[in-house]
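As a plain string of letters, each chain reads:
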Amino acid sequence: MKKILAFGASNSSDSINKQLATYASKLFKKTTVDLLDLNDYEMPIYSKDREKKDGIPQLAKDFYQKIGESDFVLISFAENNGNYTTAFKNILDWMSRINGKTFQEKPMLLLATSPGARGGSSVLDIAVKRMPFQGGVVKGSFSLPSFNENFEIGKGITNPELNQQLLGIIHSIEL
């Protein structure tokens, strides 16, 4: 059985991206899911001075190990000012000090959502272009626009066309 590592790239306690990542991870068949919460990996803001003084935090090593132990990585990106959240970027920065190929050549599905009509498409575009440089093998991407109108807790994506689009992407990814 394949193991999926899934998380919303946000430290919000009620992250809509964590909700989307959780929903999407359950659509894969014959898999186990390790759902992470970025709040469990809060570290000091990366700086080379801090790294020189204190070394790489154990939490960065733990997150990196979680990636290594998985067969597939699913991330749903929250968008802050058109880019990654600080919480995700900090974890990424620390892990890159362990290995610049932080995602260890793992296949990935990249998602994003927001309350707005663009559905986090700016950060998703950045991630799709950046992850190959970070050692991720992007197998697909999906943006869910207008989260509050198209998603319901307990049901998932309520818009049939959007749900079918995500299912098609997932079915095209062989695990």
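As a reminder, the structure under discussion sits directly above these lines.
Below or above, wherever it landed, is the structure these notes cover. Here the structure is a predicted model, which is why all the values come from computation and not from measurement.

### Looking at the packing of helix 3 (residues 58-69) against helix 4 (residues 86-96)
Moving on, step 1. At their nearest, the axes of helix 3 and helix 4 sit 9 Å apart, and the two run at 85 degrees to each other. In terms of orientation, helix 3 lies roughly perpendicular with respect to helix 4. On helix 4, the residues touching Ala60, Phe63, Tyr64 and Ile67 of helix 3 are Ile91, Trp94 and Met95.
Moving on, step 2. Classifying every residue of the contact of helix 3 with helix 4 gives 7 nonpolar, no polar and no charged.

### Notes on the pairing of strand 5 (residues 136-144)
Moving on, step 1. Sheet topology places strand 4 (residues 106-113) next to strand 5; 8 bridges connect them, and they run parallel. Considered in strand 5, the bridge of Met108 is made with Val138.

### Quick look at the nonpolar core
Within soluble globular proteins, side chains that are nonpolar tend to cluster in buried spots.
Moving on, step 1. Core analysis: the biggest nonpolar cluster contains 29 residues, and Phe7, Phe63, Ile75, Phe77, Phe88 and Phe103 have the highest contact counts within it.
Moving on, step 2. Looking at this core, the elements that each hand over two or more residues are strand 1 (2-9), helix 3, strand 3 (72-77), helix 4, strand 4 and helix 5 (121-130).
Moving on, step 3. Ignoring sequence-local partners within four residues, the contact set of Phe7 consists of Ala21, Leu35, Leu36, Leu38, Phe63, Val73, Leu74, Ile75, Ser76 and Phe88.
Moving on, step 4. Ranked by size, the runner-up nonpolar core spans 24 residues in total, among them Ala24, Leu144, Phe151 and Ile170.

### A short note on the sheet that holds strand 5
Moving on, step 1. The 5 strands are arranged 2-1-3-4-5 in an open sheet whose pairing can be described as parallel. Among the strands making up the open sheet, the edge pair consists of strand 2 (31-36) and strand 5. Sheet twist, expressed as the average angle between the axes of neighbouring strands with direction ignored, equals 20 degrees.
Moving on, step 2. Relative to strand 4, strand 3 runs parallel, the two being bridged by 5 bridges. The residue of strand 4 that forms the bridge with Leu74 is Leu109.
Moving on, step 3. Against the sheet, helix 1 (residues 16-25) contacts strand 1, strand 2, strand 3, strand 4 and strand 5, and its axis sits at roughly 130 degrees relative to strand 4.

### Some points on the packing of aromatic side chains
Moving on, step 1. Per the counting criterion, the structure on display carries 10 aromatic pairs.
Moving on, step 2. Their ring planes at 55 degrees and their centres at 5.2 Å tell us that Phe28 and Phe72 sit as a pair that is tilted. One end of the pair, Phe28, is in the loop between helix 1 and strand 2; the other, Phe72, is in strand 3, with 44 residues separating them in the sequence. Take Phe28 and Phe72: they sit in the same class, and that class is buried.
Moving on, step 3. Among the aromatic residues, ring-to-ring pairing joins Phe7, Tyr41, Phe63, Phe77, Tyr84 and Phe88 into one connected group.

### What to know about the pattern of salt bridges
Moving on, step 1. The tally for this structure, following the rule as stated, stands at 6 salt bridges.
Moving on, step 2. Where Asp37 meets Lys18, a salt bridge forms, and the shortest distance between an N and an O atom there is 3.3 Å. You can see Asp37 sitting in the loop between strand 2 and helix 2 (48-54) and its partner Lys18 sitting in helix 1, a full 19 residues away along the chain.
Moving on, step 3. Looking at Asp37, the relative accessible area reads 23%, which means it is partly exposed.
Moving on, step 4. With a closest N to O distance of 2.6 Å, Asp93 and Lys89 form a salt bridge. Of this pair, Asp93 and Lys89 are both found in helix 4, 4 residues apart, which corresponds to roughly one turn of the helix.
Moving on, step 5. In this structure Asp93 comes out as partly exposed when scored by relative accessible area, which is 22%.

Thresholds, definitions, all that
- Residues numbered from 1 in each chain as written.
- Predicted model: local features only at pLDDT ≥ 70, side-chain atom pairs only at ≥ 80, totals over all residues.
- Heavy atoms only, no water.
- Axes fitted to C-alpha atoms, helices over the stretch in contact; angles between N-to-C directions.
- Helix = DSSP H or I, 4+ residues; strand = E, 2+ residues; numbered from the N terminus.
- Parallel < 35°, antiparallel > 145°, perpendicular 65-115°, else oblique.
- Contact = heavy atoms within 4.5 Å.
- Nonpolar A, V, L, I, M, F, W, Y, C, P; charged D, E, K, R; others polar.
- Pairing = 2+ DSSP bridges.
- Core = buried A, V, L, I, M, F, W, Y, C linked by side-chain atoms within 4.5 Å.
- Buried < 20%, exposed > 50% of the residue type's maximum accessible area, 1.4 Å probe, protein only.
- Phe/Tyr/Trp six-rings, centres within 6.5 Å; stacked < 30°, edge-to-face > 60°.
- Salt bridge = Lys/Arg side-chain N within 4 Å of Asp/Glu carboxyl O.

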